[in-house]
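# Examining the three-dimensional arrangement
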Amino acid sequence: MFKISIFLLGLLFLVSCTHDAINHSTEEEKELNTINDLYKNTALEIKIYFDSKDIESFSTSKYIIRQSNISNPLDFSIRSYLDGVNEEEVDLGFKTNNLGIGSFEIKVKDRTALINFISKDLNIESPEQILNFDYNIFKTAEQFDYIDDVKICINNISNYQMSFLANEQPIKCPF
């Protein structure tokens, strides 16, 4: 009888250890699922507009969806635009047109995105490049509910289009 009791106590101990391990594993699994759900709930699908070639071979802008879970999706979207496209996106016909810009400062005031792009080595080959750049930045920024307008400066110049292309006197960026 004593042998059976020891056996039963050992079996009971083994069952309780296994039960604790299963509970611990289940708790870890629940925690991971909660983290994944939080990521899914906080991740945003953001449209980043880039130049693209369509079937008729004329340039147009189309968007690529990127995922962001940071607190400032506007910053993320502009940074993604400046970082450009990857090889797969190039194969799909997208191309980068960031004019050689490396950084930017952005503020939102009265539902207007105020963006000052900074470049040490601007690379502008045509007026079309500037028009496409402006359009892509506008479309990328205006997708957010809190943005109604976008104002752009490049290297602290607000009339950068005419300053760069028509040699007009630069006007200092007002923001």
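Quick caveat, the model's predicted, so the values are computed rather than measured.

## Overview of the environment of Gly 100
Summarising the element assignment, Gly 100 is placed in the loop between strand E3 (94-95) and strand E4 (103-109). Measuring from C-alpha to C-alpha, the distance between Gly 100 and Lys 120 comes to 8.1 Å, with 20 residues separating the pair along the chain. The residues touching Gly 100, leaving out its near neighbours within four places in the chain, are Ser 119 and Asp 121.

## Some details on the side chain of Ser 61
Among the structural elements, Ser 61 can be located in strand E2 (residues 59-68). Judged by relative accessible area, Ser 61 falls into the buried class, the value being 16%. There is a polar contact of 2.5 Å between the side chain of Ser 61 and the side chain of Asn 136. Not counting chain neighbours up to four residues away, the residues in contact with Ser 61 comprise Phe 50, Asp 51, Tyr 135 and Asn 136.

## A closer look at the sheet that holds strand E6 (residues 149-154)
The strand order E4-E5-E6 describes an open sheet built from 3 strands, whose pairing is mixed. At either end of the open sheet lies a strand with only one pairing partner, and these are E4 and E6. Going from strand to strand, the sheet's axes swing by 15° on average, the running direction of each strand aside. Here 7 bridges tie E4 to strand E5 (residues 112-118), and the two strands are oriented antiparallel to one another. Following the sheet pairing, Val 108 is matched in E5 by Ala 113. Running over the sheet, helix H2 (residues 73-83) touches E4 and E5 and is turned about 150° from E4. Of the strands in this sheet, E5 and E6 touch helix H4 (residues 127-142), which is tilted by about 140° from E6.

## Considering the state of the cysteines
Tallying each qualifying case throughout the model produces 1 disulfide. Here Cys 153 engages in a disulfide with Cys 173; their sulfurs sit 2.2 Å apart. Between Cys 153 and Cys 173 the sulfur-sulfur dihedral comes to about 85°; the bridge is accordingly right-handed. Placement of the pair is Cys 153 in strand E6 and Cys 173 in the segment after helix H5 (160-165), with a sequence separation of 20 residues. An identical accessibility class is assigned to Cys 153 and Cys 173; each is buried.

## A look at H4
In a regular helix each residue adds 1.5 Å, so 16 residues correspond to 22 Å; H4 covers 22 Å between its end C-alpha atoms and thus fits that length. Among all positions of H4, only Gln 129, Ile 130, Asn 132, Phe 133, Asp 134, Asn 136, Ile 137, Thr 140 and Ala 141 are buried.

## Description of H2
Among the residues making up H2, those that are buried are Pro 73, Leu 74, Ser 77, Ile 78, Ser 80, Tyr 81 and Leu 82. Positive backbone phi, at 90°, marks Gly 84, one or two positions downstream of H2.

## Quick notes on the packing of H2 against H4
Packed helices, taken two at a time, are described by their axes: the angle between them and the distance between them. Between H2 and H4, the least distance of the axes is 10 Å, while the angle of their chain directions is 150°. Put simply, H2 runs roughly antiparallel to H4. Relative to H4, the crossing made by H2 is right-handed. Across from Leu 74, Ser 77, Ile 78, Tyr 81 and Leu 82 in H2, the residues of H4 making contact are Phe 133, Asn 136, Ile 137, Thr 140 and Ala 141.

## As for the environment of Asn 132
Along the polypeptide, Asn 132 turns up in helix H4. The class of Asn 132 is buried, set by a relative accessible area of 18%. For the pair Asn 132 and Asn 98, spaced 34 residues apart in sequence, the C-alpha to C-alpha distance is 9.6 Å.

## Things to note about unusual backbone geometry
Residue Arg 111 is not a glycine yet carries a positive backbone phi of 65°. By the element assignment, Arg 111 lies in the loop between E4 and E5. Judged by its relative accessible area of 40%, Arg 111 falls in the partly exposed class. Unlike most non-glycine residues, Asn 167 shows phi in positive territory, near 55°. Among the structural elements, Asn 167 can be located in the segment after H5. Accessibility expressed as a relative area gives 69% for Asn 167, which makes it exposed.

Calculation criteria
- Residues numbered from 1 in each chain as written.
- Predicted model: local features only at pLDDT ≥ 70, side-chain atom pairs only at ≥ 80, totals over all residues.
- Heavy atoms only, no water.
- Helix = DSSP H or I, 4+ residues; strand = E, 2+ residues; numbered from the N terminus.
- Contact = heavy atoms within 4.5 Å.
- Buried < 20%, exposed > 50% of the residue type's maximum accessible area, 1.4 Å probe, protein only.
- Polar contact = N/O pair within 3.5 Å; in protein donor to acceptor, adjacent residues only side chain to side chain.
- Pairing = 2+ DSSP bridges.
- Axes fitted to C-alpha atoms, helices over the stretch in contact; angles between N-to-C directions.
- Disulfide = S-S within 2.5 Å.
- Expected span 1.5 Å × (residues − 1).
- Parallel < 35°, antiparallel > 145°, perpendicular 65-115°, else oblique.
- Left-handed = near helix turned anticlockwise from the far one by under 90°.

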